[in-house]
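# Observations on the three-dimensional arrangement
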Amino acid sequence: MTTVDPDFAEQEARKARLFARINKLDSWFQVLGLAWITPILKAAAGDNPKAQMKDIWHLLGVPLVAILGFLMLWGTLAPKVQTSLGAVPGPAQVWEQVGNLHDDATRAWDKEAAFYERQDARNAKLIAAGKADKVKERAYTGKPTFYAQIWTSIKTVFFGFLIATAVAVPMGIAAGLSKTANAALNPIIQIFKPVSPLAWLPIVTMIVSAVASTNDGMFTKSFLVSAITVTLCSLWPTLINTSLGVATIDKDLVNVSKVLKMGTYAKITKLVLPSALPLIFTGLRLSLGVGWMVLIAAEMLAQNPGLGKFVWDEFQNGSSQSLAKIMVAVFTIGLIGFALDRLMYAIQSLFTFTNNR
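What you see is a predicted model, and the numbers here were worked out from it, not measured in a lab.

### Looking at the overall build of the chain
Scanning the chain for helices and strands turns up 12 helices and 2 strands. Counting from the amino terminus, helix and strand elements in the chain follow one another as α-α-α-β-β-α-α-α-α-α-α-α-α-α. Over its C-alpha trace the chain gives a radius of gyration of 27 Å, far above what one expects of a compact globule, namely 21 Å for 357 residues. Looking at the chain as a whole, 34% of its 357 residues qualify as buried. Entry remark: accessible area of the chain is about 21500 Å², with carbon and sulfur atoms responsible for 66%. Across the chain, the mean location of the 33 positive side-chain charges is 8 Å away from that of the 23 negative side-chain charges.

### Describing a nonpolar patch on the surface
Together, L64, I67, F70, L71 and F331 line one region of the surface with nonpolar side chains, adding up to about 450 Å² of accessible area. Sorting elements by how many residues they give to the nonpolar patch places helix α3 (residues 49-77) first, with 4 residues. Here F70 shows up in helix α3.

### Let's talk about the environment of L60
Tracing the backbone through its elements, the reader meets L60 in helix α3. The spacing of L60 and L34 is 26 residues in sequence and 9.1 Å in space, taken between C-alpha atoms. Setting aside residues up to four positions removed in sequence, L60 forms contacts with W36 and I40.

### Focus on helix α2 (residues 37-44)
Of all the positions in α2, only T38, P39 and K42 are classed as buried. What you see down the axis of α2 is that its buried residues fit within an arc of 90°, all on one side. In the segment just after α2, G46 is the residue with positive phi, at about 90°.

### What about the side chain of T242?
By the secondary structure assignment, T242 is in helix α8 (residues 221-247). Judged by its relative accessible area of 0%, T242 is buried. Apart from the residues within four sequence positions on either side, T242 is in contact with V169, G172, I173 and I280.

### Comments concerning the packing of aromatic side chains
Applying the stated criterion to the full structure yields 12 aromatic pairs. Centroid distance F159 to F223: 5.4 Å. Interplanar angle 55°. Geometry classified as tilted. Residue F159 is found in helix α5 (residues 146-177), and its partner F223 is found in helix α8; the two are separated by 64 residues along the sequence. Exposure remark for F223: the relative accessible area of 11% places this residue in the buried category. For the cation-ring pair, R285 lies above Y345, with the distance from its terminal atom to the ring centre recorded as 4.5 Å.

### Structural notes on unusual backbone geometry
Although it is not a glycine, Q303 adopts a positive phi angle of roughly 60°. Tracing the backbone through its elements, the reader meets Q303 in the loop between α10 (264-302) and α11 (307-317).

### A short note on α10
Its 39 residues place the ends of α10 only 42 Å apart at the C-alpha level, less than the 57 Å of an ideal helix rising 1.5 Å per residue. Along its length, α10 reaches its greatest deviation from straightness, about 60°, at L277, and the proline P278 lies no more than four positions downstream. Backbone geometry just downstream of α10 places Q303 in the positive-phi region, at approximately 60°.

### Some thoughts on the environment of E96
Positionally, E96 belongs in helix α4 (residues 91-128). The spatial distance from the C-alpha of E96 to the C-alpha of F281 is 39 Å, given a sequence separation of 185 residues.

### Some remarks on the confidence of the model for the chain
On average, residues of the chain carry a pLDDT of 86, and 94% of them reach 70 or more. Element-level pLDDT for the chain is lowest in helix α1 (residues 6-31), with a mean of 74, against a maximum mean of 94 in α5.

### A look at a positive patch on the surface
A surface patch of like charges, here positive, comprises R118, R122, K136 and R138. Within the element layout of this structure, R138 appears in the loop between α4 and α5. Overall, R138 belongs to the partly exposed group, its relative accessible area being 46%.

Conventions adopted
- All residue numbers refer to positions counted from 1 along the written sequence of the respective chain.
- Per-residue local features of the predicted model are confined to residues with pLDDT of at least 70, and side-chain atom pairs are confined, for both listing and counting, to 80 or more; whole-chain, interface and lining totals are unaffected and use all residues.
- To obtain the side-chain values, all non-hydrogen atoms of the structure were included, while hydrogens and water were left out.
- Under the scheme used here, helices are H or I runs from DSSP no shorter than 4 residues and strands are E runs no shorter than 2 residues, and both carry numbers assigned from the N terminus.
- Here the globule rule is a power law, 2.2 Å times the number of residues to the power 0.38, and the radius of gyration is based on C-alpha atoms.
- Type-normalised accessible area, obtained with a 1.4 Å probe on protein chains alone, sets the label of each residue: buried when under 20%, exposed when over 50%, and partly exposed for intermediate values.
- Only the protein chains shown count as covering a residue, and every accessible area follows the Shrake-Rupley method with a 1.4 Å probe.
- Working convention for charge: Lys and Arg count positive, Asp and Glu count negative, and His plus the chain ends are omitted.
- Lysine's charge is taken at NZ, arginine's at CZ, aspartate's at CG and glutamate's at CD.
- Exposure above 30% relative accessible area and no salt bridge define the residues that can form patches, which grow by joining like charges within 9 Å and nonpolar side chains of Val, Leu, Ile, Met, Phe, Trp and Tyr within 5 Å.
- Only one rule defines a salt bridge in this text: a Lys or Arg side-chain nitrogen within 4 Å of an Asp or Glu carboxyl oxygen.
- We call two residues contacting when some pair of their heavy atoms lies within 4.5 Å.
- Think of the arc as the fan of directions from the helix axis to the C-beta atoms.
- Aromatic pairs are defined between Phe, Tyr and Trp rings, using the six-membered ring for Trp, whenever the two ring centres lie within 6.5 Å; interplanar angles under 30 degrees are classed as stacked, those over 60 as edge-to-face, and all others as tilted.
- In this scheme, the term charge over a ring applies when either NZ of a lysine or CZ of an arginine sits within 6 Å of the ring centre and within 35 degrees of the ring normal.
- Multiplying 1.5 Å by the helix residue count minus one yields the expected span of that helix.
- The angle separating two fitted axes, one through the seven residues that finish at a residue and one through the seven that start at it, defines the bend at that residue.
- A residue's pLDDT is simply how confident the predictor is in it, with values from 0 to 100.

Structure below.
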């Protein structure tokens, strides 16, 4: 009869619990685009380091080599292309502008803080002199920083995306549940889905200008033009996927709802939405991606003070640093787009039960 060393058994149990935690975290690493962390953790825990190193190479090593190759090719070819603004900037010049934009933002924040300090000091003197009626509070009106423009673009795209979601999901549910509604909506979808944001912008601009005569409201006209254009271009993927998800619900579930005599509200909330959520979220992810792409063009023409306007202003500026700053904006747009997609995927993983993580 063989005996098991209690210390060995305890050690194996701890390892099993550790690997269980790593496997549980792996699903979230994949959602966040960080799947390469899992083999690193497993290798550190002693789980077949040779096999884990192979996974690390494929998940982390190959992408890093590809990025390095891209940077080397970019740095080699860029100086050979001459434009009206000089040679195309390489990685070093673009990175230099990242630092310059940050320094510009820091100086702008210092100016803003100094402005409010002077205003507070002036108002304090007026109050001390018994002239409280002359106290004035003015907002700082300096040029927005690059970070402020990023934040403006994010706010704008989410505003338009939320409006699109509020319109598209109910319409998609109606189209999925009713053949009549589907027949009515289908030609509208097919006609308007391919329309470019550049075609919508003049129409939206004129309507917003007619309805909002000034910029004194909660939202400026340029913000509304950009957000509504995002809405008009991004609602179609959600509408189509919602309709498809609802229409493909298991017929047995539909029959059960009829047997139970479920009302329309109960049917939608307890049967339709849970069953269609994976496809609805697929549509939402596509819509947010479309909205983010559309936003940049919309901001360029509507002059909403976001990343699109930043790119347009630098193009018009035509300085020796403008092209590098535009490329900073391009990489920023790409990284934010990736982050928004991962955010939606994470939310989808919280609300749906799928194996696609």
